[in-house]
Amino acid sequence: MRLTEAHREAGPKSNRTIPLRCLSVPHHDNTPAGKVGAMRAGKNCTSVQSGAHSTCSLFLTVLAVGACVAVGACKKSAPFPAQAVKVPSPAPQGMAWIPPGLFFMGSDDPMYPDAQPVHPVKLKGFWIDTTEVTNLAFQRFVDATGFRTIAEQAPRPEDFPHVPPEALVAGSVAFHPPDHDVMLDDHSQWWTYEAGVNWRHPEGPESSLEGRMDHPVVHVAWTDAQAFCAWANKHLPTEAEWEYGARGGLDRKRFAWGDDPKPGKQWVANVWQGRFPSENKAEDGFVATAPVAHYKANAYGLYDVAGNVWEWTADLYRPDYYAQSPPENPLGPASAHDRQEPGVQKRVMRGGSFLCSDLYCVRYAVGARGKGAPDTGSSHLGFRCAQSAD
């Protein structure tokens, strides 16, 4: 397992170095980088880490919009109207229809260089889950299939030849906040690989899901999420699908609800309040995950696209992909690359989590990106599924 950016926000501590499947969690919300990838690379595995018209003409083609962006002629006023297309029926249970249309993807915030340049993307219509997959839904999947997540299986010695056999135990990356202020340059101070942690026992072997069946499932690796979506006759959304749905028709706003992080002085997403990682004021009412759909949905009917838990997408991760992404229905790059962990085939994660702070990470901004190794889950990582219209 690998600890990634997302892990800079969460993870229980252990009194020994454990062969994390190198937590592959979003690299931008205080999470440790993955270990599994490092192990599989033959390295020692150590602790890690339809709104109004826009000012641009409705008849602009994607290329024309690109030119508009280049000269700064497109103002951030109102979204491009979605195409008038009949909604397919019947509607899949628990899913929202996202109409075909054009939107600007990415962020011009210098904090997110891998989300640049902002670029126009045209997508076909699709369905997407209105909420993150819950513990109840995942339980039904497991009951029907007997599926075991990566966190429930002990790492194989042949995959981690440099790790002592006694350290190859089933577990996951968990968040354990220190009881004092710490420097923010070492996320192993709050993230650790812990034996016995998995989706059924999110805080450790003695914890359970009691009272949390309507919370998002966590400690799921990318491969686990992919298996669930396939069982449900769905798929993980592409990164472009995810962002288009999350924006809810708003044009180039910083957050899914607008530019104000706290509109009306009210928290509108489950994120961290206080000094990260030692002080959690829980002003939003939640110390960790919140029930799905607790906060208001966006204009497309999607809940929790900011905060709560990071969400896996289908795309491989490259920091330079936006400069070469195709303008229509992009599926992500053909290969992955992360300068921090070359050789690890990381996947894109989106949305931020309850560990994202406005002082550290801020990856719950709608255009921001995260990344993680596909064989690693963590305390703040979940997913939702999508479905094609045809």
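Up top you'll find the structure we're talking about.
Everything quoted here is computed from the prediction, not taken from an experiment. (Residues numbered from 1 in each chain as written. Predicted model: local features only at pLDDT ≥ 70, side-chain atom pairs only at ≥ 80, totals over all residues. Heavy atoms only, no water.)

Visitor: Would you mind going over helix α5 (residues 239-247) with me for this structure?
Guide: The α-helix advances 3.6 residues per turn, and as a result positions three or four apart in sequence lie on the same side. By the criterion of burial, α5 is predominantly enclosed, with nine of the nine residues buried. The complete set of buried residues in α5 reads Glu239, Ala240, Glu241, Trp242, Glu243, Tyr244, Gly245, Ala246 and Arg247. Of the residues trailing α5, Gly248 is marked for its positive phi of about 60°. (Buried < 20%, exposed > 50% of the residue type's maximum accessible area, 1.4 Å probe, protein only. Helix = DSSP H or I, 4+ residues; strand = E, 2+ residues; numbered from the N terminus.)

Visitor: Please explain the state of the cysteines as it appears in this structure.
Guide: A covalent bond between the sulfur atoms of two cysteines is referred to as a disulfide. Within the structure shown, the criterion is met by one disulfide. Two residues, Cys229 and Cys385, share a disulfide whose sulfurs are 2.2 Å apart. Here Cys229 and Cys385 share a disulfide; its torsion about the S-S bond, -85°, makes the bridge left-handed. With Cys229 in helix α4 (residues 222-231) and Cys385 in the loop between β10 (381-382) and β11 (386-388), this pair connects stretches of sequence that are 156 residues apart. Just as Cys229 is buried, Cys385 falls in that class too. (Disulfide = S-S within 2.5 Å.)

Visitor: Just to check I follow, could you spell out unusual backbone geometry for this structure?
Guide: Outside of glycine, negative phi angles account for most residues, and trans bonds account for most peptide bonds. Residues Ser89 and Pro90 are joined by a peptide bond in cis, for which omega reads 0°. Structurally, Pro90 is set in the loop between α2 (62-71) and β1 (95-98). Cis geometry is adopted by the peptide bond preceding Pro117, which originates at Gln116 and carries an omega value of 0°. Note that Pro117 resides in the loop between β2 (101-105) and β3 (119-123). Positive phi outside glycine occurs at His219, with the angle close to 60°. With respect to the helices and strands, the residue His219 is situated in the loop between β6 (191-195) and α4. Looking at His219, the relative accessible area reads 1%, which means it is buried. Unlike most non-glycine residues, Asn308 shows phi in positive territory, near 65°. Residue placement: Asn308 occurs in the loop between α5 and β7 (310-316). Judged by its relative accessible area of 0%, Asn308 falls in the buried class.

Visitor: I tried to follow the pattern of salt bridges on my own but got confused; where do I start?
Guide: For side chains of opposite charge, pairing can occur when their charged atoms come near one another. In this structure the tally under the stated criterion is 19 salt bridges. Glu239 is the salt-bridge partner of Arg369, the closest N and O atoms lying 2.8 Å from each other. You can see Arg369 sitting in the loop between β8 (347-350) and β9 (370-372) and its partner Glu239 sitting in helix α5, a full 130 residues away along the chain. A salt bridge links Arg275 to Glu279; its shortest N-O distance comes to 3.2 Å. Its relative accessible area of 43% is what places Arg275 among the partly exposed residues. (Salt bridge = Lys/Arg side-chain N within 4 Å of Asp/Glu carboxyl O.)

Visitor: Help me understand the sheet that holds β8, please; the structure alone is not making it clear to me.
Guide: Strand pairing within a sheet occurs via backbone hydrogen bonds; the two strands may be parallel or antiparallel. What the four strands build is an open sheet, ordered β9-β8-β7-β10; its pairing is mixed. At either end of the open sheet lies a strand with only one pairing partner, and these are β9 and β10. Note: β7 against β8, three bridges, orientation antiparallel. Paired with Glu311 across the two strands is Arg350, which belongs to β8. (Pairing = 2+ DSSP bridges.)

Visitor: Just to check I follow, could you spell out the pairing of β7 for this structure?
Guide: Regular strands show a simple pattern: their side chains alternate between the two faces of the sheet. Burial analysis of β7 places six of its seven residues in the buried class, the great majority of the element. Note that β7 and β10 share two bridges and pair parallel. Within the sheet, the bridge partner assigned to Glu311 lies in β10 and is Gly382.

Visitor: What's the story with the nonpolar core in this structure? I'm lost.
Guide: Nonpolar side chains in soluble globular proteins tend to end up buried together. With 33 residues, the main nonpolar core has Ile98, Leu123, Tyr244, Leu302 and Tyr364 as its most contacted residues. Of all elements in the fold, only β1, β2, β3, β4 (126-129) and α5 reach the threshold of two or more residues within this core. No other element matches α5, which puts four residues into this core. Counting residues in hydrophobic clusters, the runner-up holds 19 residues, among them Phe138, Trp222, Leu236 and Phe383. (Core = buried A, V, L, I, M, F, W, Y, C linked by side-chain atoms within 4.5 Å.)

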